[in-house]
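Read off the chains here:
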Amino acid sequence: QLLSAAECNSLRGAHKHPLTDANVCAGYRDHHTCRGDSGGDLGCRGSSNPNQWILVGVDSFGPKICESNAPSMFVNVVKQLAWIEATMRAHANN
């Protein structure tokens, strides 16, 4: 479940890594990331095609306690797309 910035900051505590447009906040109650999940994907079903999955985020960090009900933070892939594409081009022949 994707959460708004206001909801995410409220659940996580705004003083603990507040959500910015560089991040996507997701999960809640028994559905969040835990230690060792960093780098994992956050996918959402496409709105026009429910069989299509869209990469929305890359796991960045989550609650310190895995059993916590706090949501997890993901890098916003759309905001990093230019860097991702440039990096892929730079290393295409490696």
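A quick note: this is a predicted structure, and the numbers were derived from the prediction, not measured.

(A) Fine view of the state of the cysteines. What the rule picks out here adds up to one disulfide. Disulfide partner of cysteine 8: cysteine 25, at an S-S distance of 2.1 Å. Every disulfide takes its handedness from the sign of the S-S torsion; for cysteine 8 and cysteine 25 that torsion is 80°, giving right-handed. One end of the pair, cysteine 8, is in helix α1 (residues 5-12); the other, cysteine 25, is in strand β2 (residues 23-26), with 17 residues separating them in the sequence. With no disulfide of its own, cysteine 44 has cysteine 25 as its nearest cysteine by sulfur position, at a separation of 12 Å.

(B) Structural view of helix α2 (residues 77-90). Between its first and last C-alpha, α2 extends 18 Å over 14 residues, near the 20 Å set by a 1.5 Å rise per residue. Two to three positions downstream of the cap, the backbone nitrogen of valine 78 sits 3.1 Å from a side-chain oxygen, assigning the N-cap of α2 to asparagine 76.

(C) Focus on α1. Taken together, the buried positions of α1 are occupied by Cys8, Asn9 and Arg12. Taken end-on, α1 shows its buried residues confined to a sector of 95°, consistent with a single buried face. Across from the buried face of α1, at angles greater than 90 degrees, the exposed residues are Ala6 and Ser10. As for α1, its buried residues are in contact with β1 (2-3), β2, β4 (53-61) and β5 (72-76). Phi for glycine 13, located one or two positions after α1, is positive at around 90°.

(D) Structural context of the pattern of salt bridges. Applying the stated criterion across every chain, the model contains one salt bridge. Aspartate 21 serves as the salt-bridge partner of lysine 79, at 3.6 Å between the closest nitrogen and oxygen. You can see lysine 79 sitting in helix α2 and its partner aspartate 21 sitting in the loop between α1 and β2, a full 58 residues away along the chain. Among the residues examined, lysine 79 registers a relative accessible area of 48% and is labelled partly exposed. Aspartate 21 sits in the exposed class, given a relative accessible area of 51%.

(E) Spotlight on the pairing of β4. Alignment of strand β3 (residues 41-45) against β4, held across five bridges, turns out to be antiparallel. Bridge pairing in β4 links leucine 42 to glycine 57. Of the pairings in the sheet, the one linking β4 to β5 comprises four bridges and is antiparallel in character. Across the sheet, residue aspartate 59 finds its bridge partner in β5, namely phenylalanine 74.

(F) Region of interest: the sheet that holds β5. Spatially, the five strands line up as an open sheet ordered β1-β2-β5-β4-β3, and their pairing is antiparallel. Here the strands that pair on one side only, and so sit at the sheet edges, are β1 and β3. Taken strand by strand, α2 contacts β4 and β5, and its axis lies near 40° from that of β5.

About the criteria used
Residues numbered from 1 in each chain as written. Predicted model: local features only at pLDDT ≥ 70, side-chain atom pairs only at ≥ 80, totals over all residues. Heavy atoms only, no water. Disulfide = S-S within 2.5 Å. Helix = DSSP H or I, 4+ residues; strand = E, 2+ residues; numbered from the N terminus. Expected span 1.5 Å × (residues − 1). Polar contact = N/O pair within 3.5 Å; in protein donor to acceptor, adjacent residues only side chain to side chain. Buried < 20%, exposed > 50% of the residue type's maximum accessible area, 1.4 Å probe, protein only. Arc of directions from axis to C-beta. Contact = heavy atoms within 4.5 Å. Salt bridge = Lys/Arg side-chain N within 4 Å of Asp/Glu carboxyl O. Pairing = 2+ DSSP bridges. Axes fitted to C-alpha atoms, helices over the stretch in contact; angles between N-to-C directions.

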